[in-house]
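If you want the building blocks of each chain, they are given just below.
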Amino acid sequence: MATLVRPATRNDALAERFLQVRTLSRDIAAPLSDADATVQPHPDASPAKWHLGHTSWFFETFILRDHVPGYGLFDERWSFLFNSYYEGEGERHPRPKRGMLSRPSLSEVLAYRDHVDEALAAALPLLPPHARELVELGIQHEQQHQELILMDMLALFAESPLAPAVWERPDPKPQPAPQIGGIASRGGIVEIGHSGSGFAFDSEAPRHQQLLRPYELADRLVTNGEWLRFMEAGAYQEPEHWLADGWAWIRESRIEAPLYWRRAGDAWHRFGLDGLKPVAPEEPVCHISYYEADAFARWAKARLPTEAEWEVVAAGLGSTEGNLLDEAGPVRPGVAPQVSGPRQMFGDVWEWTMSAFTPYPGFKPAEGTVGEYNGKFMCGQFVLRGGSCATPRGHVRASYRNFFYPHQRWQFAGLRLARDL
């Protein structure tokens, strides 16, 4: 296990959380060789080495450089390498070419992390409140990148004909998925969005009213077994279930199953961080696009929920419960528990909604360069809710808004059905 210098402050919850999060990132990347950590599997993904450097750059740039007098950058050239999309920080290495960064080496990037960690741990007791808020943002930002590292590792190893397991794991004992039911809501004027104390990203606010018609939300996620029936019914070959863009996408890309599914004779297997395994019918379907989720919902004579419908049901539930990330290992969606009420609202897989990722009424981005964090991406993407098995526990809440383009599916994404009443 990786270790960091313990902060010089006592009873500082922020310092302890910083230590824990930074350690987990190193633990996730621990099985990787320098070559593993350098390769970029596709333009939407990034090498693990880049994630480790970028999250350190975030702390160095927005806290140490700007709020710690006398701090010296580890290497001035690395700002160009590890800036992601912050125009206010100047030019940067092109995202599709991050896999060309054979230098610095993985060991050099880890030395960079040590440098940043020691400097921030020493500075924390003297940081003003605004800088401590930026440390919290950096922690939350790194937790997002922990999930991205796992996503990108999976995409990388899926390209290998050896189908290697990054972490070995015994197969769970088969158990049936519970019968699907519904959670009915009368609708009406509801409030959604973050309010009150506690951290939230700017895109979660302000809290505001929405009018909902009566609806029903499925009490569990759609399973692999149900998705197999969708495939066996020929739905990937029937245009009536698909949006025009989705139909064009599956034909051009020759899509016939979720990402990482492979046919072996008459059976389907799925590749995961625990290697190549038979598809488990009782587990939630994962690694599907918005187009596929929408097509399944139409085929099932249902629809995807709006993000407001989802949040109304999720509000008040325990967002730290469920199948979420606690430690480095082969993350995998799990079977819905045999209990009554809404199940799997947090963890397992991110849930596509039919809501576009747009600003809430009255949205205002943060001042300065960190204001670029979410606001400039509010176009052409759809909202996902609930977190996944690769989302760090404690990172999500009912108001949390994730977002991806409709064709993307390397994230741990599935669906929950809804219908009008």
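The shown structure was predicted, so the numbers you read here are calculated from the model rather than taken from an experiment.

Asks: Explain the packing of helix H1 (residues 13-29) against helix H5 (residues 129-158) to me, and be specific about the residues and the numbers.
Replies: The relative placement of two packed helices comes down to the angle between their axes together with the axis-to-axis distance. Two elements in contact, H1 and H5, have axes whose closest approach is 10 Å; the angle formed by their N-to-C orientations is 20 degrees. With respect to H5, the axis of H1 lies roughly parallel. Regarding H1 and H5, the two cross each other, and that crossing is left-handed. Each of Leu14, Arg17, Phe18, Val21, Arg22, Leu24, Ser25 and Ile28 in H1 lies in contact with H5, whose residues at this interface are Arg132, Val135, Glu136, Ile139, Gln140, Glu142, Gln143, Gln146, Ile149, Leu150 and Met153.

Asks: Please set out the pairing of strand S5 (residues 261-264) residue by residue, giving values where relevant.
Replies: Pairing of S5 with strand S6 (residues 267-272), which is carried by four bridges, proceeds in the antiparallel orientation. Pairing of tryptophan 261 across the sheet is with arginine 270, part of S6. As consecutive antiparallel partners, S5 and S6 are separated by two residues, and within that stretch glycine 265 has a phi angle of approximately 70 degrees, a positive value.

Asks: Go over helix H2 (residues 48-67), please, and point to the residues and values.
Replies: The terminal C-alpha atoms of H2, which comprises 20 residues, lie 28 Å apart, in line with the 28 Å expected from a rise of 1.5 Å per residue. The sharpest bend along H2 comes to roughly 35 degrees, located at glutamate 60. The buried fraction of H2 amounts to 17 of the 20 residues, a majority that puts the element mostly inside the structure.

Asks: Lay out unusual backbone geometry with the relevant residues and their values.
Replies: Between arginine 103 and the following residue, proline 104, the backbone shows a cis peptide bond with an omega angle of 5 degrees. Here proline 104 lies in the loop between helix H3 (78-82) and helix H4 (106-123). Alanine 205 connects to proline 206 through a cis peptide bond whose omega is 0 degrees. At alanine 163, a position not held by glycine, the phi torsion is positive, near 45 degrees. Within the secondary structure, alanine 163 sits in the loop between H5 and strand S1 (182-185). The buried category is assigned to alanine 163, whose relative accessible area is 17%. For aspartate 348, which is not glycine, the phi dihedral falls at a positive 65 degrees. Mapped onto the secondary structure, aspartate 348 falls in the loop between helix H9 (307-314) and strand S8 (350-356). On the basis of relative accessible area, aspartate 348 is assigned to the buried category, the value being 5%.

Asks: A description of helix H7 (residues 244-253) should follow, citing residues and the corresponding values.
Replies: Listed as buried for H7 are Gly246, Trp247, Trp249 and Ile250. Looking straight down H7, one finds its buried side chains confined to an arc of 160 degrees; they lie on one side. Facing away from the buried side of H7 by over 90 degrees, the exposed positions are Ala244, Asp245, Arg251 and Glu252. On its buried face, H7 is in contact with helix H8 (290-299). At the exit of H7 stands arginine 254, carrying a positive phi of roughly 55 degrees.

Rules used throughout
- Residues numbered from 1 in each chain as written.
- Predicted model: local features only at pLDDT ≥ 70, side-chain atom pairs only at ≥ 80, totals over all residues.
- Heavy atoms only, no water.
- Axes fitted to C-alpha atoms, helices over the stretch in contact; angles between N-to-C directions.
- Helix = DSSP H or I, 4+ residues; strand = E, 2+ residues; numbered from the N terminus.
- Parallel < 35°, antiparallel > 145°, perpendicular 65-115°, else oblique.
- Left-handed = near helix turned anticlockwise from the far one by under 90°.
- Contact = heavy atoms within 4.5 Å.
- Pairing = 2+ DSSP bridges.
- Expected span 1.5 Å × (residues − 1).
- Bend = angle between axes of the 7 residues up to and from the residue.
- Buried < 20%, exposed > 50% of the residue type's maximum accessible area, 1.4 Å probe, protein only.
- Arc of directions from axis to C-beta.

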